[in-house]
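Letter by letter, the chains look like this.
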Amino acid sequence: MRQLALATALATTLLSAGALAQAPQDGAGSLGARISPDSLRGHLSYLSSDLLEGRATPSRGLDLAAEYIAAQFRRAGLEPAGDDGYFQTANWQYAQRQPGDLALTVNAGGATLNVPHGGASAGFLDPLSLAATPAVFMSWKAALEDGGAANGKVLVVPAAPVPGAAATLQKQLKSKPALILMVDRERRHSRSGDGWLIDPEQPVVKGAPPVVLLHAADAAAALEKGGATVAASVKPPQVRPVKLRNVVGLLRGSDPQLKNTYVLLSAHYDHLGIRDGEIYNGANDDASGTVAVIETAAALAAEKERPKRSIVFIALWGEELGLLGSRYYGRHPVFPVKDTVANLNLEQVGRTDDSEGPQVASVTMTGFDYSNVSDYLRKAGEQTGVRLWKHPKNSDMYFARSDNQSLADLGVPSHTLAVAFGFGDYHGKDDTWDKIDYDNMARVTRTVALALRNIANDSSKPAWTSVPNAAKYLEASRQLHGGK
Ligand SMILES: [Zn+2]
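All of these numbers come straight from a predicted model, not from anything done at the bench.

This next bit is on the coordination of the zinc ion. The coordination sphere of the zinc ion, as far as protein atoms go, consists of His-268 (NE2), Asp-285 (OD), Glu-347 (OE) and Glu-347 (OE), spread over 1.9 to 2.8 Å. If you look at the zinc ion, its four donor atoms make angles of 51 to 154° with each other, and the shape they trace is irregular. Donor residues for the zinc ion sit on one chain with the sequence pattern H-x16-D-x61-E. On the criterion of sequence distance, the pair formed by His-268 in strand β13 (residues 262-268) and Glu-347 in the loop between β17 (340-346) and β18 (362-365) is long-range, its members being 79 residues apart.

With that settled, consider the sheet that holds strand β4 (residues 111-115). The sheet built from eight strands is open, its strands ordered β4-β3-β11-β6-β7-β8-β10-β5 with mixed pairing. Single-partner strands in this sheet number two, and they are β4 and β5 (120-122). The average undirected angle you get between the axes of adjacent strands in this sheet is 25°. Two elements, strand β8 (residues 179-183) and strand β10 (residues 211-214), share four bridges in a ladder whose sense is parallel. Bridge pairing in β10 places Leu-181 opposite Val-212. Contacts from helix α6 (residues 165-172) reach β7 (154-157), β8 and β10 within the one sheet, and its direction differs from that of β8 by about 150°.

Once the domains are mapped, the chain shows domain 1 (2-93 + 241-480) and domain 2 (102-239). One C-alpha centre belongs to domain 1, the other to domain 2, and the line joining them spans 38 Å. Listed as interface residues are 14 residues of domain 1 and, on the opposing side, nine residues of domain 2. Here domain 1 and domain 2 share an interface that buries about 940 Å² over both sides, 55% of which is from carbon and sulfur atoms. Counting the surface domain 1 buries against domain 2, the share from its top three residues, Trp-92, Gln-93 and Leu-321, is 52%. Counting across the interface, domain 1 meets domain 2 through two salt bridges.

This part covers empty space enclosed by the protein. Counted by the stated rule, this structure contains one cavity of 30 Å³ or more. Of the volumes computed, that of the largest cavity is approximately 60 Å³. Surrounding the largest cavity, Leu-264, Ser-266, Ile-314, Leu-316, Ser-326, Tyr-329, Asn-343, Asp-403 and Leu-407 form its lining. Put simply, the parts of the chain that give the lining of the largest cavity at least two residues each are β13, β16 (310-316) and α9 (324-331). Its residues assigned to classes, the lining of the largest cavity shows five nonpolar, three polar and one charged.

All right, on to the environment of Ala-342 then. Structurally, the position occupied by Ala-342 is in strand β17. Sequence-distant contacts of Ala-342, defined by excluding residues within four places in its chain, comprise Tyr-262, Val-263, Leu-264, Val-412, Pro-413, Ile-455 and Pro-462.

Next up on the list: unusual backbone geometry. With an omega dihedral of -10°, the bond running from Thr-57 to Pro-58 counts as a cis peptide bond. Considering the arrangement of structural elements, one finds Pro-58 in the loop between α3 (37-47) and α4 (60-76). In the Ramachandran plot, Arg-55 falls in the positive-phi region, its phi being about 50° despite a non-glycine side chain. Considering the arrangement of structural elements, one finds Arg-55 in the loop between α3 and α4. Arg-55 sits in the buried class, given a relative accessible area of 1%. Backbone geometry at Gln-348 places phi at a positive 50°, although glycine is not the residue there. Note on placement: Gln-348 falls in the loop between β17 and β18.

Here we come to helix α13 (residues 438-457). Taking 1.5 Å per residue, 20 residues should reach 28 Å; α13 reaches 28 Å between its end C-alpha atoms and fits that length. Of all 20 residues in α13, 16 are buried, a share of seventy percent or more. Where α13 begins, one side-chain oxygen reaches toward the backbone nitrogen of Asp-439, 3.4 Å away; that side chain belongs to Asp-437.

The rules we used
Residues numbered from 1 in each chain as written. Predicted model: local features only at pLDDT ≥ 70, side-chain atom pairs only at ≥ 80, totals over all residues. Heavy atoms only, no water. Donors = N, O, S within 2.8 Å, 3.2 Å for Na, K, Ca; no water. Tetrahedral: all angles 85-135°; square planar, octahedral: opposite > 155°, others 65-115°. Helix = DSSP H or I, 4+ residues; strand = E, 2+ residues; numbered from the N terminus. Pairing = 2+ DSSP bridges. Axes fitted to C-alpha atoms, helices over the stretch in contact; angles between N-to-C directions. Contact = heavy atoms within 4.5 Å. Domains from an automatic or database assignment. Buried area = accessible area lost by both parts, 1.4 Å probe. Salt bridge = Lys/Arg side-chain N within 4 Å of Asp/Glu carboxyl O. 1 Å grid on protein atoms, 1.4 Å probe; cavity = no way out; pocket = protein on both sides within 12 Å on 5 of 7 lines; lining within 4 Å. Points joined across faces, edges and corners; volume = space filled by probe spheres on them. Nonpolar A, V, L, I, M, F, W, Y, C, P; charged D, E, K, R; others polar. Buried < 20%, exposed > 50% of the residue type's maximum accessible area, 1.4 Å probe, protein only. Expected span 1.5 Å × (residues − 1). Polar contact = N/O pair within 3.5 Å; in protein donor to acceptor, adjacent residues only side chain to side chain.

This is the structure:
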């Protein structure tokens, strides 16, 4: 991997040698000069160090990262914009079951299968005790159409097609099964197996059948064949309070009117944590985006002239668990959403070794045609020598896959910027800081900083376009601005 990194670095140098020889800041002026590869490397090597244990939500490593980001915002001189200094605190709970608290027995064809610890998981709080009960296997469609064949039985269904689908099934089911067993061999919907977050604002579905995820392949196969019975015993988990924190800093705008409007620059600082004893450092995903936010904040705050609009810098928790931190911000905006003119969200801005081929001196944007935000980036890129490009498939496909979605849903033009969508160590244990191309990352960060400032200085604000895929965001924007 070192050789590969060297080759990439060499390619970067060759491609950018001309521009670098003339202007070390890539034509981005004093703002660009304040953004340096060494500074980026320094921040990134800490945030993705083993000490932070992969920054799982929630974890001590995540808290250390939050404190570090707050310290950098403080150093830059940003105004604290949270409820607790720079922290916007979500007071949630974390539920955890002990080994042996969940026991499942499958009887099929005279054989008894005791599902071992880790072979099943459940995210409910009430205790459950179920004597041997006949199981019936159904597709999702059949289960939703079923008028009562599953009544009093254990309903076995395949893995949920999308996260959150289990709750929908619970609500829409016409039958009354004693238990829903969801076959989830690949652990697609249970991140840790033994712990889960509880959002006190989410209503609990009362009287809905409990859902247990089944990971054990042999038990799943026996149940899919039919004619099995299931017995279950589930003890209540231990529940403790947790504080989850977005880190929010403000650079106050200079224009008497426009300073009451906001441009957001965001990135998620959480990652996957420790799995099977291995630390998943998440250097590119998304310590890189977080560090680009820190660096941009420091560079813009050090400029003599303040941008006209205010700029909000946010590091978000819980993206990897389903955009939780940004959804939280959307429900509890620190600054009015209707006065928020755009959100640039950064993901994977460090590595150039895209699975589809190297991406040097270039940056791509999701929902490319959905708004005119691309205009600001293209213009900034002309100054820094960074090409803005549209990925033919991923542009639309990845739009909903990161935190920009949360504000887009509320009507704010929001996009995710990335250098490489796919890379070899994506969500792997080897996404480490030594594989980042820091020279390239500095150029991309300069581009982001310039674009952000251009948006902040423009008296007209970014707007959604009329492309069909952006229709619902355009509508949300109309609602947000009073139907206009
Ligand atoms: Zn990410």
